[in-house]
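Structural features, examined
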Amino acid sequence: MSFAADILAGKSAIVTGGATGIGAFIVRKLGSLGAQVGIVSRKEENLQRAVVAFKADDGIEVNYRVGDVRDPELISRAIASLAEQQGGMDYLICNAAGNFICPTEQLSANGWKTVIDIDLNGTFHCCQAALPFLKQAKAGGRIVSISTTGANFGWPGAVHAGAAKAGIQNLMQSLSSEWGKYGVRANWISPGPIKGTEGVDRLIIQQGLAERSLERIALGTFGEGDDIANAVIFLCADTGKYISGAELVVDGGSQWHRR
Ligand code: COA
């Protein structure tokens, strides 16, 4: 799938967790279609390495700030500073997430809290920080959160992430309703397993679940990072102007209810 090369010219995007995994695919796509892109995550060495790779591989200049989405003040400062550098913000992509596999009966209170804090509370903090800028976006601000199909069917072994992502989905619906008056659209994408990501390697392949997962995917293959990036572009560009409070499932026709 390809979009016109300058479809996002003049737009400004911020991607949380944009240095690695699905986030990096989203950054490359936004940047190669003309948007200015800023990324924010916890580890400066990851950010620096990613910025060099984006420039070398795709010829795009990406701005970065260090920030932990769990810390409302720091993340707010990081987002505001990126938005100011980029002359505003049209798109906020809430992609930063933490996850690990742990049977629920062994999950500590802090383990539960840590993932809820990163995924759900972090998304809330970023949306609040971005709103003053998104309100000013000429064609209407866009929030796109990266969720998971696991939020719709339960996620045995990762209840913290499943519950947090389900919370994000409800948060997007509420924000679409409250912030529609500002022209802000809030939607979420639910990816199935995306190959080549650290998440799928650790959460599926290393758990011995690759074969079982593939059997449940109608199209018979894991997705690619660009499948998610293309969905983000669809929601952010003019194509998504009348979509808000909606889920876009990008999972090859998975049937997770088939146990
Ligand atoms: N199994 C069980 N408990 C775990 C765990 C695991 N694999 N990993 C972390 N925890 C628990 C810790 O034991 C701790 O709880 P405790 O204080 O009761 O012992 C709590 O979670 C916080 O762990 P900590 O390592 O201090 O948190 P952190 O903020 O440094 O990192 C994550 C949290 C989720 C980011 C970390 O687990 C991680 O690096 N995950 C892999 C990367 C990732 O999530 N990528 C996202 C793509 S899917």
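Residues numbered from 1 in each chain as written. Predicted model: local features only at pLDDT ≥ 70, side-chain atom pairs only at ≥ 80, totals over all residues. Heavy atoms only, no water.

1. Brief notes about the overall build of the protein chain
For clarity, the threshold we go by: Where helices and strands are cited, they refer to DSSP runs of H or I of at least four residues and of E of at least two residues respectively, numbered from the N terminus. The buried label applies to any residue whose accessible area, calculated with a 1.4 Å probe on protein chains only, is under 20% of its type's maximum; exposed applies above 50%, and partly exposed to all values in between. Only heavy atoms enter the contact rule, under which two residues are in contact if any of them lie within 4.5 Å. In these tables, accessible area is a Shrake-Rupley quantity obtained with a 1.4 Å probe, and a residue counts as shielded only by the protein chains included in the view. The charge count includes Lys and Arg as positive and Asp and Glu as negative, but it does not include His or the ends of the chains. Charge coordinates come from a single atom per side chain, which is NZ of Lys, CZ of Arg, CG of Asp or CD of Glu.
Per the secondary structure count, the protein chain includes nine helices and seven strands. Its C-alpha atoms put the protein chain at 50 × 40 × 40 Å along the principal axes. Counting every position in the protein chain, which comprises 259 residues, the buried fraction comes to 51%. Within the protein chain, contacts between residues separated by at least 24 positions form 75% of all contacts whose residues are at least 6 apart in sequence. When the accessible surface of the protein chain is totalled, it reaches about 11,900 Å², and 51% of it is carbon and sulfur. Within the protein chain, one finds 24 positive and 25 negative side-chain charges whose respective centroids are separated by 3 Å.

2. Side note on the packing of helix α3 (residues 72-85) against helix α4 (residues 109-134)
The condition that has to hold: Think of each axis as a best-fit line through the C-alpha atoms, taken over the contacting stretch in the case of a helix, with angles from 0 to 180 degrees between the N-to-C directions. Helix crossings are classified by the rotation of the near helix relative to the far one: an anticlockwise turn of less than a right angle makes the crossing left-handed, while a clockwise turn makes it right-handed. Any residue that is not Ala, Val, Leu, Ile, Met, Phe, Trp, Tyr, Cys, Pro, Asp, Glu, Lys or Arg is counted as polar, Gly included; the first ten are nonpolar and the last four charged.
For the pair α3 and α4, the least separation of the axes is 9 Å and the interaxial angle reads 35°. For α3 against α4, the interelement crossing comes out right-handed. Residues Pro 72, Ile 75, Ser 76, Ile 79, Ala 80, Ala 83 and Glu 84 of α3 touch α4, and the partners they reach there are His 125, Cys 126, Ala 129, Ala 130 and Phe 133. Of the residues belonging to the contact of α3 with α4, the class tally is nine nonpolar, two polar and one charged.

3. Observations regarding α3
To keep things clear, this is the line we draw: Expected helix span is computed as 1.5 Å times (number of residues minus one). Pairing of N or O atoms within 3.5 Å defines a polar contact, subject to two protein rules: one partner must be a possible hydrogen donor and the other a possible acceptor, and residues neighboring in sequence count only if both atoms are side-chain atoms.
For α3, with 14 residues, the first-to-last C-alpha span of 20 Å sits near the 20 Å given by 1.5 Å per residue. What α3 keeps buried is the set Ile 75, Ala 78, Ile 79, Ala 80, Leu 82 and Ala 83. On its buried side, α3 packs onto β1 (12-16), β2 (36-41), β3 (62-66) and α4. At the N-terminal boundary of α3, the capping side chain belongs to Asp 71, with an oxygen 3.1 Å from the backbone nitrogen of Glu 73. With its phi angle positive at about 75°, Gly 87 sits one or two positions after the end of α3.

4. Considerations on the site of the ligand
For the record, the criterion: One heavy atom within 4 Å of a molecule or strand makes the whole residue count as near it.
Contacts to the ligand come from 16 residues, most closely from Arg 70, Ala 97, Asn 99, Ser 108 and Asn 110. A distance of 2.8 Å is found between an oxygen atom of the ligand and a backbone nitrogen or oxygen belonging to Asn 99. A distance of 3.4 Å separates an oxygen atom of the ligand from a polar side-chain atom of Arg 202. For the ligand, the protein covers 53% of the area, taking 930 Å² as the surface of the free molecule. Elements with a minimum of two residues in the shell around the ligand: α4 and α7 (198-205). Residues belonging to the shell around the ligand are distributed by class as follows: five nonpolar, seven polar and four charged.

5. Things to note about the nonpolar core
Convention followed: To define a nonpolar core, start from buried Ala, Val, Leu, Ile, Met, Phe, Trp, Tyr and Cys residues and group those joined through side-chain atoms within 4.5 Å.
Within the largest apolar cluster, 34 residues are counted, with the highest numbers of intra-cluster contacts made by Ile 26, Leu 30, Ile 39 and Ile 93. Of all the secondary structure elements, the ones that give two or more residues to this core are β1, α1 (21-32), β2, α2 (44-58), β4 (91-94), β5 (142-146) and α9 (225-236). When residues of this core are assigned to their parent elements, the largest contribution, seven residues, is made by α9. Grouped together as the second largest cluster of nonpolar side chains are 29 residues, Val 40, Met 89, Cys 127 and Val 184 included.

6. Some words on the packing of aromatic side chains
Geometrically, a pair of aromatic rings is defined through the distance of the ring centres and the angle of the planes. Quick note on the threshold: Stacked, edge-to-face and tilted are the three classes for Phe, Tyr and Trp ring pairs, Trp counted by its six-membered ring, which pair at centre distances within 6.5 Å; planes under 30 degrees apart are stacked, over 60 edge-to-face, the rest tilted. Only when the NZ of Lys or the CZ of Arg is both within 6 Å of the ring centre and within 35 degrees of the ring normal is a charge said to sit over the ring.
Tallied over the full model, the rule gives zero aromatic pairs. For Lys 135, the ring lying beneath its charged end belongs to Tyr 182, and the centroid distance is 4.2 Å.

7. Describing the side chain of His 160
With respect to the element layout, His 160 can be found in helix α6 (residues 159-179). Overall, His 160 belongs to the buried group, its relative accessible area being 1%. A polar contact of 3.2 Å, which involves the side chain of His 160, links it to the backbone oxygen of Phe 100. Once residues within four sequence positions are removed from consideration, His 160 is found in contact with Asn 99, Phe 100, Leu 107, Gly 111, Trp 112, Val 115 and Ile 116.

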